[in-house]
Amino acid sequence: MLNVIKSNKEENLLQALFAVLAEVPEDPFAQEWICIQSRGMKQWISLKTAEQFGISANFEFLFLRHLINRLLSHFIPFETHKTASEAALSANPEINPRLESDEHDIFWSVMKHIRENRLDKALAGVDAYIKEDDTGKKLFQVSGQIARLFDDYQLYRPDMLMAWQKGENEQANAPNHPQNHTNNIIQNPAAEWQALLWQKIAAAHPEDHLAYRATAFLEGFSGGNFDKEGLPERICLFGISALPELFLRILEKVSEVIDIYLFLLTPSNQFFFDLRS
């Protein structure tokens, strides 16, 4: 079940977290998973938990992207196909925040394919920008910007990336089909070079990126094809200020088999429970 706990004070949310943690799971030695947004939040929760219970132990703190990757890896069709990023994250729970996204890997792929395809007509604008770049500085900078853009697309426009990957340019039959908006973007000349680059990047490992894996998970999830072994009985998300719709949909699916608690800070200058929703 997906449980949403709201308050306008972080301290109240912390007390609600304590109430959840006080309920001992069937396996008392099972780790508690707490998803956080920063290392500072991890330290604060650890200290306050020690003050409340006299000890703070057996917690695994995960960043949001790390948590989603871990959950997706338990989708049975993906179990035999663990990405290099997932393997690294699993081996090192004290992750570097930069490694929780695919941006670093995408960066080197973008740079490689710009170099190899810069004479393609679709990349004329990029080629013009780096034409006099003898030091490679411009190529480095623009590759980083494109990598960040593609990583954002994975979170907020996975449908568009999947359409680019498939080379879909035709309009969907239904007039209000959600893919119509995606196809309009594909036909936009400003997006042509982005579609070309993404096709080149995804060609080597078409199933090894978040957009594909999240889409496949959402389309094929059921309680029977999700392996709960190695997962806790509950997962808490605390101090998360922004949650992409894609991640919320994944968590909603997982909540059918695992209890998920989302502690949501809702700032207000009025007493929270006097507000009408």
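Structural data are supplied above this passage.
Here we summarise the structure given alongside this text. Since this is a predicted model, take the numbers as computed values, not measurements.

Quick notes on the rules
Residues numbered from 1 in each chain as written. Predicted model: local features only at pLDDT ≥ 70, side-chain atom pairs only at ≥ 80, totals over all residues. Heavy atoms only, no water. Pairing = 2+ DSSP bridges. Helix = DSSP H or I, 4+ residues; strand = E, 2+ residues; numbered from the N terminus. Axes fitted to C-alpha atoms, helices over the stretch in contact; angles between N-to-C directions. Contact = heavy atoms within 4.5 Å. Buried < 20%, exposed > 50% of the residue type's maximum accessible area, 1.4 Å probe, protein only. Polar contact = N/O pair within 3.5 Å; in protein donor to acceptor, adjacent residues only side chain to side chain. Salt bridge = Lys/Arg side-chain N within 4 Å of Asp/Glu carboxyl O. Phe/Tyr/Trp six-rings, centres within 6.5 Å; stacked < 30°, edge-to-face > 60°. Lys NZ or Arg CZ within 6 Å of the ring centre and 35° of its normal. Right-handed = clockwise from strand over helix to strand, strands pointing away.

On to the sheet that holds strand E3 (residues 59-63). On the basis of which strands lie adjacent, the open sheet formed by 5 strands has the order E1-E5-E4-E2-E3 and parallel pairing. Either end of the sheet is taken by a strand with one partner, and the two such strands are strand E1 (2-7) and E3. Along the sheet, successive strands turn relative to each other by an average axial angle of 20 degrees, direction set aside. Judged from the 6 bridges that link them, E1 and strand E5 (residues 259-265) form a sheet pairing that is parallel. Bridged to Ile5 within E5 is Phe263. Sheet contacts for helix H2 (residues 39-53): strand E2 (32-36), E3 and strand E4 (234-238); angle to E3, the most-contacted strand, approximately 160 degrees.

A few words on the side chain of Ser73. Note on placement: Ser73 falls in the loop between helix H3 (64-72) and helix H4 (84-91). Given a relative accessible area of 15%, Ser73 falls into the buried group. A distance of 2.6 Å separates the side chain of Ser73 from the backbone oxygen of Arg70, its partner in a polar contact.

This brings us to the pattern of salt bridges. One pass over the structure, following the stated rule, counts 7 salt bridges. The salt bridge involving Arg118 is made with Asp127; its shortest N-O contact spans 2.7 Å.

If you walk through the whole model with that rule in mind, you get 13 aromatic pairs. Ring centres of Phe18 and Phe53 lie 5.7 Å apart, and the angle between their planes is 80 degrees; this geometry places the pair in the edge-to-face category. Note that Phe18 is positioned in helix H1 (residues 10-21) and Phe53 in helix H2, a separation of 35 residues in sequence. Using a relative accessible area of 4% as the deciding quantity, one classes Phe18 as buried. Residue Phe53 is classed as partly exposed on the basis of its relative accessible area, which comes to 37%. Plain terms: the ring middles of Phe59 and Phe61 are 5.9 Å apart, the flat faces sit at 70 degrees to each other, and that makes the pair edge-to-face. Side by side, Phe59 and Phe61 carry an identical accessibility label, which is buried. Grouped by ring-pair contacts, the aromatic residues Phe75, Phe217, Phe221 and Phe226 constitute a single cluster. Cation over ring: Lys138 sits above Tyr129, and NZ or CZ is 5.3 Å from the ring centre.

For Arg234, the location among the structural elements is in strand E4. Under the relative-accessibility criterion, Arg234 is labelled buried at 9%. Reaching out from Arg234, the side chain makes a polar contact with the backbone oxygen of Val20 at a distance of 3.1 Å. A polar atom in the side chain of Arg234 sits 2.5 Å from the side chain of Glu32. Ignoring any residue separated from it by four or fewer positions in sequence, one finds Arg234 in contact with Val20, Leu21, Glu23, Pro25, Glu32, Trp33, Ile258, Asp259 and Tyr261.

Alignment of E4 against E5, held across 5 bridges, turns out to be parallel. Bridged to Ile235 within E5 is Ile260. A crossover links E4 with its parallel partner E5, the connecting element being helix H12 (residues 245-254), and its sense is right-handed.

We now examine the environment of Ile130. Mapped onto the secondary structure, Ile130 falls in helix H6 (residues 124-130). Overall, Ile130 belongs to the buried group, its relative accessible area being 5%. For the pair Ile130 and Ile114, spaced 16 residues apart in sequence, the C-alpha to C-alpha distance is 9.9 Å.

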